[in-house]
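# Secondary and tertiary structure notes
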Amino acid sequence: MKIIFIGPPGSGKGTQAKRLASRLAVPHISTGDMLREAVAAGTPVGQKAASIMASGALVPDDVMIEIINDRLAQPDAQKGFILDGFPRTLVQAEKLDGLVGNGKSELRVLQLLVPDDAIVRRITLRRTCPQCGAIYHLENSRPASDSVCDRDGVEVIARPDDNEEAVRKRLDVFHRDTVPVASYYKAKSILREVDGIGPVDEVFERIEKSLAHGSS
Ligand code: AP5
């Protein structure tokens, strides 16, 4: 299975992609996580990306394409993968076609539909574990102890781009650059739209049904 998640910031891509990857036993490849690791490690890519990400803008296509090219060449990605956060522009989508083949049987694209007015609340109350990447929400899915990760006891944090100003910028960027990517896949009849509102378990069920029944 080669699956792409598309959706606005905070729509639940990371939450659902982790779960689906575990269910299908394929790697969860999140470009946002990879960039945050590069920032934390202080690599040249990380140094370039840090301020761009904090502002809510997109990291340049050539940087992202090189990252994803390298990652998809790894042995664990040969049996399939869940892509979360890539492609985000038409240039990235066209490059990805070249990497994975654009036949209908190769790729499924899931677009999580969440209206903008629900996004800001989701994101400003999100906390993540800087060590294992676990995602929490201070209302919907709190860690057992308010401030530390259930898995490894590390203090959970708000991401630097999870303030209201950056979220609004990320939403603008999504509508301008990434909605056309969804249309690109719709035209190829490989896009499935999934309602992203409701409990996480229910959204996951919709995703599984959508993949099983092939409805779009
Ligand atoms: P990235 O990390 O990909 O951020 P994003 O797309 O903005 O998405 P988020 O991670 O914010 O949200 P999500 O949809 O994963 O939601 P989550 O599951 O966490 O990218 C960050 C930055 O990196 C970009 O802005 C850009 O600068 C750069 N970048 C990355 N890829 C790039 C690319 N390809 N090209 C160029 N630049 C790139 O859920 C959010 C919250 O909601 C959580 O608290 C969660 O618990 C909660 N939640 C989840 N589901 C539900 C539900 N059903 N009901 C209620 N709450 C829910």
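Each remark here, short or long, concerns the structure printed above.
Read on for an overview of the structure. (Residues numbered from 1 in each chain as written. Predicted model: local features only at pLDDT ≥ 70, side-chain atom pairs only at ≥ 80, totals over all residues. Heavy atoms only, no water.)

### What to know about the overall build of the chain
For the chain, the helix and strand inventory stands at eight helices and seven strands. With respect to the principal axes defined by its C-alpha atoms, the chain has extents near 45 × 40 × 35 Å. Residues counted as buried form 44% of the 216 residues belonging to the chain. Taking as baseline every contact in the chain between residues at least 6 positions apart, the subset at least 24 positions apart corresponds to 68%. Roughly 10,600 Å² of accessible area belongs to the chain as shown, and the carbon and sulfur atoms make up 50% of that amount. In the chain, 29 positive and 30 negative side-chain charges are present, and the distance between their average locations comes to 3 Å. (Helix = DSSP H or I, 4+ residues; strand = E, 2+ residues; numbered from the N terminus. Buried < 20%, exposed > 50% of the residue type's maximum accessible area, 1.4 Å probe, protein only. Contact = heavy atoms within 4.5 Å. Areas by Shrake-Rupley, 256 points an atom, 1.4 Å probe, with all protein chains shown as cover. Lys, Arg positive; Asp, Glu negative; His and termini not counted. Charge placed at Lys NZ, Arg CZ, Asp CG, Glu CD.)

### Details of the side chain of serine 11
By the secondary structure assignment, serine 11 is in the loop between strand S1 (2-6) and helix H1 (13-24). Given a relative accessible area of 2%, serine 11 falls into the buried group. Among residues more than four places away in sequence, those in contact with serine 11 are Leu112, Val114, Ile119 and Arg122.

### Some words on the side chain of threonine 178
By secondary structure assignment, the location of threonine 178 is in helix H7 (residues 164-187). Judged by its relative accessible area of 4%, threonine 178 is buried. The residues touching threonine 178, leaving out its near neighbours within four places in the chain, are Ile6, Pro87, Arg88 and Val173.

### Describing the state of the cysteines
What the rule picks out here adds up to zero disulfides. Cysteine 129 takes part in no disulfide bond, and the closest cysteine sulfur, belonging to cysteine 132, lies 3.7 Å away. Taking relative accessible area as the criterion, cysteine 132 reaches 29% and is therefore assigned partly exposed. (Disulfide = S-S within 2.5 Å.)

### Some details on empty space enclosed by the protein
Counted under the stated rule, the structure contains one cavity of 30 Å³ or more. Size it by volume and the largest cavity reaches roughly 50 Å³. What lines the largest cavity is simply Phe5, Ile6, Gly7, Lys13, Gly85, Pro87, Arg88, Phe174 and Thr178. Secondary-structure elements contributing two or more residues to the lining of the largest cavity are S1 and H7. Of the residues assigned to the lining of the largest cavity, the class counts are four nonpolar, three polar and two charged. (1 Å grid on protein atoms, 1.4 Å probe; cavity = no way out; pocket = protein on both sides within 12 Å on 5 of 7 lines; lining within 4 Å. Points joined across faces, edges and corners; volume = space filled by probe spheres on them. Nonpolar A, V, L, I, M, F, W, Y, C, P; charged D, E, K, R; others polar.)

### Some thoughts on the site of the ligand
Around the ligand, the structure places 35 residues, and the nearest of them are Thr15, Ala57, Arg88, Arg126 and Arg170. Contacts to the ligand include lysine 13, whose side-chain N or O atom sits 2.9 Å from an oxygen atom. For the ligand, a nitrogen atom lies 2.7 Å from a polar atom in the backbone of glycine 198. Burial of the ligand by the protein chains amounts to 96% of its free accessible area of 1,000 Å². At the level of secondary structure, the elements contributing two or more residues to the shell around the ligand comprise H1, helix H2 (31-41), strand S6 (135-137) and helix H8 (200-213). Among the elements that line the shell around the ligand, the one with the most residues is H2, at four residues. Residues belonging to the shell around the ligand are distributed by class as follows: 13 nonpolar, 14 polar and eight charged. (Near = heavy atom within 4 Å. Polar contact = N/O pair within 3.5 Å; in protein donor to acceptor, adjacent residues only side chain to side chain.)

### Examining the packing of H1 against H8
Between H1 and H8, the least distance of the axes is 10 Å, while the angle of their chain directions is 55°. Looking at the two axes, H1 sits oblique to H8. H8 is crossed by H1, and the crossing has right-handed handedness. Contact residues: Thr15, Gln16, Arg19, Leu20 and Arg23 in H1; Val200, Asp201, Val203, Phe204, Ile207, Glu208 and Leu211 in H8. Here the residues of the contact of H1 with H8 are counted per class, giving six nonpolar, two polar and four charged. (Axes fitted to C-alpha atoms, helices over the stretch in contact; angles between N-to-C directions. Parallel < 35°, antiparallel > 145°, perpendicular 65-115°, else oblique. Left-handed = near helix turned anticlockwise from the far one by under 90°.)

### Points about the pattern of salt bridges
Under the defined criterion, the tally for this structure stands at 16 salt bridges. Two residues, arginine 170 and aspartate 161, come together in a salt bridge whose shortest N-O distance is 3.7 Å. Judged by relative accessible area, arginine 170 falls into the buried class, the value being 11%. By relative accessible area, which is 8% here, aspartate 161 ends up buried. One salt bridge in this structure joins arginine 206 and glutamate 202, with 3.6 Å as the shortest N-O distance. Linking arginine 206 with glutamate 202, this pair stays in helix H8, spanning four residues, or about one helical turn. Its relative accessible area of 26% is what places arginine 206 among the partly exposed residues. The network of salt bridges with shared partners includes Arg126, Arg159, Asp161, Asp162 and Arg170. (Salt bridge = Lys/Arg side-chain N within 4 Å of Asp/Glu carboxyl O.)

From the geometry alone we can't say anything about function, so treat these as descriptive.
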